[in-house]
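Summary of the model geometry
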Amino acid sequence: MSPRPLVFSNARILDPASGRDSRGALLIENGRIADMVEGGMSGAPADAEIIDVGGLAVAPGLIDLRVFTGEPGHEYRETLASAGQAAAAGGVTSFLAMPDTTPVIDEGAMVDYLQRRAKATARVNVLAAGAITRGLAGKELTEFGLLQEAGAVCLSDGRQSIQSTGLLRSAFSYAANFDMPVFHHVRDNSLAGEGVMNEGPLATMLGLKGIPGEAESIPLSRDLALADLTGVRYHAAQISTARSVEIMAEARRRGSRATCGASINSLTLNENDIGSYRSFFRLNPPLRSEDDRRALVAGLADGTVDVIHSDHDPQDSEVKRQPFGEASDGAIGLETLLAAALRLVHSGDVPLLRMLGAMTSRPAEILGLEAGRLARGAPADLVVIDLDYPWVVKEASFRSRSRNTSFEGARLAGKVMRTVVAGETVFAHEEGR
Amino acid sequence: MPDTASTEALRASTPFPHRHLLGIAQLSPPDILNLLDRAEAMIPVSRQERKSLPTLSGKTQINLFFEASTRTQGSFEIAGKRLGALVVNMSVRTSSVSKGETLIDTAATLNAMQPDVIIVRHSAAGAVELLSQKVGCSVINAGDGAHEHPTQALLDALTIRRHKGRLAGLTVAICGDIAHSRVARSNLLLLGALNVRTRVVAPRTLLPRGIDQLATEVHTDMEAGLRDADVVMMLRLQHERASGRMIPSVREYYRFYGLDEEKLGFARPDAIVMHPGPMNRGVEIDPAIADGSRSVITEQVEMGVAVRMAVLDALLSGGAR
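Residues numbered from 1 in each chain as written. Chains lettered and ligands numbered in written order. Predicted model: local features only at pLDDT ≥ 70, side-chain atom pairs only at ≥ 80, totals over all residues. Heavy atoms only, no water.

The name given to chain B in an unreviewed UniProt entry is Aspartate carbamoyltransferase, with Devosia enhydra as the source organism. Turning to chain B, the UniProt annotation filed under Catalytic activity (unreviewed entry) states: "carbamoyl phosphate + L-aspartate = N-carbamoyl-L-aspartate + phosphate + H(+)". For chain B, the Subunit (unreviewed entry) comment in UniProt is given as "Heterododecamer (2C3:3R2) of six catalytic PyrB chains organized as two trimers (C3), and six regulatory PyrI chains organized as three dimers (R2)." (UniProt positions renumbered as here; feature names shortened; annotations may be inferred.)

As recorded in an unreviewed UniProt entry, chain A goes by Dihydroorotase and comes from Devosia enhydra.

Here we take up the overall build of chain B. If you tally the helices and strands in chain B, you get 13 helices and nine strands. Against the 2.2 N^0.38 benchmark of 20 Å for 321 residues, chain B shows a C-alpha radius of gyration of 19 Å, consistent with a compact globule. With the C-alpha coordinates aligned to their principal axes, the bounding extent of chain B is approximately 55 × 50 × 35 Å. Relative to its 321 residues, chain B shows a buried fraction of 59%. (Helix = DSSP H or I, 4+ residues; strand = E, 2+ residues; numbered from the N terminus. Rg over C-alpha atoms; globule rule 2.2 N^0.38 Å. Buried < 20%, exposed > 50% of the residue type's maximum accessible area, 1.4 Å probe, protein only.)

For chain A, the helix and strand inventory stands at 14 helices and 18 strands. Against the globule reference of 22 Å for 433 residues, chain A gives a C-alpha radius of gyration of 21 Å, in line with a compact fold. By its C-alpha atoms, chain A is 65 × 45 × 45 Å across when sized along the principal axes. Within chain A, contacts between residues at least 6 apart in sequence are counted, and of these 75% link residues at least 24 apart. Taking the average place of the 44 positive charges on the side chains of chain A and the average place of its 55 negative ones, the gap between the two points comes to 1 Å. (Contact = heavy atoms within 4.5 Å. Lys, Arg positive; Asp, Glu negative; His and termini not counted. Charge placed at Lys NZ, Arg CZ, Asp CG, Glu CD.)

Residue and element names in this part refer to chain A. The sheet contact formed by strand β2 (residues 20-29) and strand β3 (residues 32-38) spans six bridges and is antiparallel. Bridge pairing in β3 places Ile28 opposite Ile33. Between β2 and β3, which follow one another and run antiparallel, lie two residues, and Asn30 among them has a positive phi close to 50°. (Pairing = 2+ DSSP bridges.)

What follows covers empty space enclosed by the protein. All names here are of chain B. Summed over the entire model, instances satisfying the criterion amount to eight cavities of 30 Å³ or more. Considered as a void within the structure, the largest cavity measures approximately 100 Å³ in volume. Forming the walls of the largest cavity are Arg71, Thr72, Ser75, Gln152, Leu155, His275, Pro276, Ile297, Gln300, Val301, Gly304 and Arg308. Mapped by element, the contributors of at least two residues to the lining of the largest cavity are α3 (70-82), α6 (150-164) and α13 (297-316). In terms of residue count, the dominant contributor to the lining of the largest cavity is α13 (five residues). (1 Å grid on protein atoms, 1.4 Å probe; cavity = no way out; pocket = protein on both sides within 12 Å on 5 of 7 lines; lining within 4 Å. Points joined across faces, edges and corners; volume = space filled by probe spheres on them.)

On to the pattern of salt bridges. A complete count under the given rule lists 39 salt bridges over all chains for this structure. In this structure, the salt-bridge partner of Glu140(A) is Arg134(A), at a minimum N-O distance of 3.7 Å. Of the residues examined, Arg134(A) reaches a relative accessible area of 38% and is grouped as partly exposed. Close ionic contact of Glu67(B) with Arg182(B) constitutes a salt bridge, the shortest N to O distance being 3.1 Å. Separated by 115 residues along the polypeptide, Glu67(B) in the loop between β1 (60-65) and α3 and Arg182(B) in helix α7 (residues 182-193) bring together distant segments of the chain. Here the salt bridges do not stand alone but share partners, grouping Arg252(A), Asp306(A), Arg362(A) and Glu365(A) into one network. (Salt bridge = Lys/Arg side-chain N within 4 Å of Asp/Glu carboxyl O.)

To continue, consider the sheet that holds strand β10 (residues 182-184) of chain A. All names here are of chain A. Reading across from one edge, β6-β7-β8-β9-β10-β13-β14-β15 is the order of the eight strands in this open sheet, with parallel pairing throughout. A strand with exactly one partner marks an edge of an open sheet, and here the two such strands are β6 (62-67) and β15 (307-309). Taken over all neighbouring pairs, the strand axes of this sheet differ in orientation by 30° on average, direction set aside. Sheet analysis places strand β9 (residues 154-156) next to β10, joined by two bridges and oriented parallel. Among the inter-strand pairings, Leu155 is bridged to a residue of β10, identified as Val182. The strands that helix α7 (residues 214-230) touches are β10 and β13 (234-236); relative to β13, the one it contacts most, it runs at about 170°. (Axes fitted to C-alpha atoms, helices over the stretch in contact; angles between N-to-C directions.)

Attention now goes to the nonpolar core. Residues and elements named next belong to chain A. Among the nonpolar cores identified, the biggest contains 122 residues, and Phe8, Tyr234, Ile308 and Met355 are the most heavily contacted of them. At eight residues, helix α12 (residues 337-346) tops the list of elements feeding residues into this core. Both domains that meet at this core, namely domain 1 (6-58 + 378-391 + 410-428) and domain 2 (60-367), each give it at least three residues. Those residues in contact with Phe8, other than ones at most four positions away along the chain, are Gly24, Ala25, Leu26, Ile28, Ile51, Val53, Leu382, Val384, Arg418 and Val420. (Core = buried A, V, L, I, M, F, W, Y, C linked by side-chain atoms within 4.5 Å. Domains from an automatic or database assignment.)

Here we come to the interface of chain B and chain A. Chain B puts 24 residues into the contact, and the matching count from chain A is 20 residues. Our count for the contact surface shared by chain B and chain A stands at one salt bridge. Salt-bridge contacts for Arg209(B) lead to Glu199(A); the nearest nitrogen and oxygen are separated by 2.7 Å. The interface formed by chain B and chain A contains five residue pairs in polar contact (both at pLDDT 80 or more). Listed by contribution, the elements that provide at least two residues to the side of chain B that touches chain A are α4 (103-112) and α5 (127-132) of chain B. A per-element tally of the side of chain B that touches chain A places α5(B) first, with three residues. Along the lines of polarity and charge, the residues of the side of chain B that touches chain A split into ten nonpolar, nine polar and five charged. (Polar contact = N/O pair within 3.5 Å; in protein donor to acceptor, adjacent residues only side chain to side chain. Nonpolar A, V, L, I, M, F, W, Y, C, P; charged D, E, K, R; others polar.)

See below:
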């Protein structure tokens, strides 16, 4: 806790929850936003530290709903501490840790462990997702109520997708019983088969097995029908195809409360980035066609796609520097999330507040968090952004323990200058790093 | 063509402007013709009594086969030895790869032995290209997953050209397991580049999405696919992969897609029959046709040695290095 009050003055305050985009100042006291005014702060306490941000943007800290770490079990890939540093550098003040660890976060004691470790070592808020099924095996339900009591904010089987419709129905019904959101990765394993990239001419040309878009859209339709049936708070963890966007839009039209997310990779890259077998672009879901990407971006702009997440998935070079078909899926993304998303703003495809909302207020609403907005009384989790700052992604400067970025060498505009969690600065930009 | 090998004829060849042979996709039509002409000049070397043309003497060739292959590995070995290279076969099954060493580690290890060329076969598409990025010598792709098998396409083109006197304007039907076939992909690329009319013929389950962008025509019926074809190229059915899911049974496959007298009757009377081997007699091809007068299958094997000699010579004694 920062004992001394803090004032951010001369700021462009961006608050997606209220639609605010105006010049003003913020007063932070006791880890919360004590006051927020247009123009200058007149009634600040005498001992307050005043930070003139010189007209830069101040926005709520980002809430990333899909982050894999290696703790416990694979600490050489990422610890909660290193993920926390990466998050802070990326302006992410809260992230949802996926339960795919060793052992799996599938019981209350593991949720408790994760939270204690995070509190002791990570400088950002780490939220726990409890597994839906024991060992992520897709067979038996975990103890949802006990997971919730221990602090799990939602349920998810992480990278795994439950294949049994009957089990899903049970899971959704039982989760509704505790009013717990369910984040489900949609993938029909028998349709995806041994596929490693988007099915189509490019896969055929490269001699790689393809994953058809239907491996996502068919289970998505099934999940939405079950969500209607059970009343669960359903979140399609990540969608990647134009057809899935249509299916979500159609569900909304008939009044569904279901939400969905898309990874920053799916929103800003396409299958052509694989080039000649670049395994750092091997992802799950796979990078799709440019038409799919554009449909996702349009869905983001019109609100059909609720959330943008990093899908931060650290993998070491042993499993990543392999022939494409034999490499692991996944790319890190915490440190590039915001800047990559700003590409869509700079290109004129998505309005700034809408884009920020998809990483702040919408995820907060889905999980029922009080963070994710700039308002009197809200937690002082915020980020100072230079929206136009030009930089080139260099893997060597990452805080993450893994180096598997899909943005190496990318020229990005927009950078986090300072990240504040509960009133404390956890990251400040240094020129030259 | 002269009956004896002439070093002068080879020396007169156009330099080959590539360091590696990773796929047909990287070659221009002149590059392809360059290799075919060089291969043509190599044929007499293997037909003379002293089958030797030591242009690669003092060079080291490593055959690195992660998938077993008697035919291709033997062909590369003979090609290298006839050119005077020191040829080493690395037996991968018993090597450290099975102990978890990565492909990149293997590349670094071999590279330290200072080879001049590494011939690689691997079950993963793109693996040969990945290895080529990590070594300081030439690399030849001897087949990577379902991606490419460039020397096979070259030897097929050479065989066709010798029988038909030309390539441009011919119609070549490639039949069978297109989905899993690197031979089909390399052939479609090579023949397409030289203005050959290509057809793929297979049941829909063995036709990968987007194959219409590689082939001139796509057929699911052998009669339409073979009609007036100059060349019928059969592919090996990858039983273990296809059986049960992609095709219900071998007998049904043979009934509709196996090359028998009746189906071959749709092709031109002078059509030749090819197969990259090893054949499944009675699965994709009637044994009587495989061993019959229109079959050029054993000649393909002979051309394989000539093509591989030509590729080795082009990469190692050309001016590009």
